[in-house]
Amino acid sequence: MDSDLRNSRTPIPVPRTGVPLGITDPVEKARAELKAALAAIEVKANVPRRVSHVVDEKVAQAREFRRREPGLAAVAVVGAAALIGTAVWALVRGYAR
């Protein structure tokens with residue numbers, strides 16, 4: 001069965017930032033390497049997309065926490081609201097003086 005997997009002609013998926021194996025033509029290989037390098041730069045440099053992914057992960061973690069510990073989640077929300085309210089109050093008070 002393992003030999004069937006190795007001998008199959010289905011291509012192995014390659015990530016956008018990877019170079020497919022088996023390219024023998026130097027021009028095609030250079031093009032593939034350039035394409036992979038540009039894709040890697042795009043992934044690294046696209047800060048809004050990276051931030052979006054991190055925010056999505058944190059939201060999913062918060063929802064999971066809320067599902068597992070609803071009481072602690074409510075306490076965390078009230079605490080965060082109190083902290084933000086205190087910070088805003090301190091900034092306004094400092095500005096008004």
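Residues numbered from 1 in each chain as written. Predicted model: local features only at pLDDT ≥ 70, side-chain atom pairs only at ≥ 80, totals over all residues. Heavy atoms only, no water.

Colleague: Could you clarify how one ought to interpret the overall build of the chain in this entry?
Modeller: The helix and strand tally for the chain stands at four helices and zero strands. Start at the N end of the chain and walk to the C end: the helices and strands fall as α-α-α-α. The burial tally for the chain puts 4% of its 97 residues in the buried class. Here the chain has roughly 8,800 Å² of accessible surface; of this, 65% comes from carbon and sulfur atoms. (Helix = DSSP H or I, 4+ residues; strand = E, 2+ residues; numbered from the N terminus. Buried < 20%, exposed > 50% of the residue type's maximum accessible area, 1.4 Å probe, protein only. Areas by Shrake-Rupley, 256 points an atom, 1.4 Å probe, with all protein chains shown as cover.)

Colleague: When you look at the pattern of salt bridges in this model, what are you seeing that I'm missing?
Modeller: Pairing of side chains with opposite charge becomes possible as their charged atoms draw close. Applying the stated criterion across every chain, the model contains three salt bridges. Glu 28 serves as the salt-bridge partner of Arg 31, at 3.1 Å between the closest nitrogen and oxygen. Placement of both Arg 31 and Glu 28 in helix H2 (residues 26-45) is noted, with a separation of three residues, approximately one turn of the helix. A residue is classified by how much of its surface remains accessible, and Glu 28, at 37% relative accessible area, is partly exposed. Ionic pairing is found between Arg 68 and Glu 64, a salt bridge with its closest N-O pair at 3.5 Å. Placement of the pair is Arg 68 and Glu 64 together in helix H3 (residues 47-68), with a separation of four residues, close to one helical turn. For Arg 68, a relative accessible area of 47% translates into the label partly exposed. When salt bridges that share partners are traced, they join Glu 64, Arg 67 and Arg 68 into one network. (Salt bridge = Lys/Arg side-chain N within 4 Å of Asp/Glu carboxyl O.)

Colleague: Please clarify how the packing of H3 against helix H4 (residues 70-96) should be interpreted in this entry.
Modeller: Packed helix pairs are characterised by how far apart their axes lie and by the angle those axes make with each other. One way to put it is that H3 packs onto H4 with a least axis distance of 5 Å and a crossing angle of 125°. If you check the angle between H3 and H4, you find them oblique. For the pair H3 and H4, contact is made by Phe 65, Arg 66, Arg 67 and Arg 68 and by Pro 70, Leu 72 and Ala 73, respectively. The class makeup of the residues in the contact of H3 with H4 is four nonpolar, no polar and three charged. (Axes fitted to C-alpha atoms, helices over the stretch in contact; angles between N-to-C directions. Parallel < 35°, antiparallel > 145°, perpendicular 65-115°, else oblique. Contact = heavy atoms within 4.5 Å. Nonpolar A, V, L, I, M, F, W, Y, C, P; charged D, E, K, R; others polar.)

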